[in-house]
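# Structure at a glance
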Amino acid sequence: MSTAGKGVPIRTARLVLREFREHDLDDFHRMLSDPEVMAFAPTLPHDTIGQTREWLARRLTIAPGAGEDFVIEHSGRVIGKAGFPAFPEIGFLIARDHWGKGLAAEAVEAVVDRAFTVHRLDRVLAKVDPENAASLRLLTQIGFIETGRQQRALLVGNEWRDDVRLELSLAEWRGRPGPDAA
């Protein structure tokens, strides 16, 4: 049984974040096989639907308490995912045709808030490729602070990748300006 989302969707101004379903396979395969979407991902783009089926099966079976991951829907279409494949580390991806619209930030803020309020985490962590300027910008705008860098952190295919480590504490989350602050 999936614990991702526990059946209760999160609604934001423009998005619905819900649990994964088996019929999400084709939508995620389009994203996970796109080299641009996967440019900074911890795996290579998917060559086959079978790879995506295995990826989706892992999201459908996150162990209770281990994490919580959500499908992102916009206007009734699956456009990505955001959440915690394993607490307290966040991960997210958005389909290329939805980049630059603030949708990733909206989704990430919603799952971070849930992690602090529902799961009572005291901090959220992120690891980002140093060349992924968009994700670094998004996370720092939300309040994440860089805590370090690691060279050769992850082997993807035949290429070693570095990462930037970021953290957002509960205290920093609570102390940030609200949406109406100037």
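Structure's up top.
In this report, we go over the structure that sits alongside the text. (Residues numbered from 1 in each chain as written. Predicted model: local features only at pLDDT ≥ 70, side-chain atom pairs only at ≥ 80, totals over all residues. Heavy atoms only, no water.)

## Here we look at the side chain of S169
As a reminder of what qualifies: Secondary structure elements follow DSSP: runs of H or I no shorter than four residues count as helices, runs of E no shorter than two count as strands, and numbering proceeds from the N terminus. Throughout, a contact is declared for two residues whenever any of their heavy atoms are within 4.5 Å.
Looking at where S169 falls in the secondary structure, it is placed in strand β8 (residues 159-169). Not counting chain neighbours up to four residues away, the residues in contact with S169 comprise F116, D122 and R123.

## Digging into the environment of G100
By secondary structure assignment, the location of G100 is in the loop between β5 (89-94) and α3 (103-117). C-alpha separation for the pair G100 and L166, spaced 66 residues apart in sequence, amounts to 21 Å.

## Here we look at helix α2 (residues 49-60)
Put simply, the rule reads: To estimate the expected span of a helix, subtract one from its residue number and multiply by 1.5 Å. Classification of residues uses two cut-offs on accessible area relative to the type maximum, computed with a 1.4 Å probe and protein chains only: under 20% is buried, over 50% is exposed, and between them is partly exposed. Taking the helix axis as origin, the arc is that swept by the directions to the C-beta atoms.
For α2, which comprises 12 residues, the first-to-last C-alpha distance of 16 Å matches the rise-based estimate of 16 Å (1.5 Å per residue) to within 8%. Turning to α2, its buried residues number three or more, namely T52, W55, L56, R59 and L60. End-on, the buried residues of α2 take up no more than an arc of 140 degrees, which puts them together on one face. Elements that come into contact with the buried residues of α2 comprise α1 (25-32), β3 (68-74) and β4 (77-86).

## Regarding the pairing of strand β2 (residues 15-18)
What counts, and what does not: Two strands are said to pair when DSSP picks up at least two bridges between them.
Relative to β2, strand β1 (residues 10-11) runs antiparallel, the two being bridged by two bridges. For R11, the partnering residue across the bridge sits in β2 and is V16. Counting the residues that bridge the hairpin from β1 to β2 gives three residues. Examined bridge by bridge, β2 and β3 share four bridges and lie antiparallel to one another.

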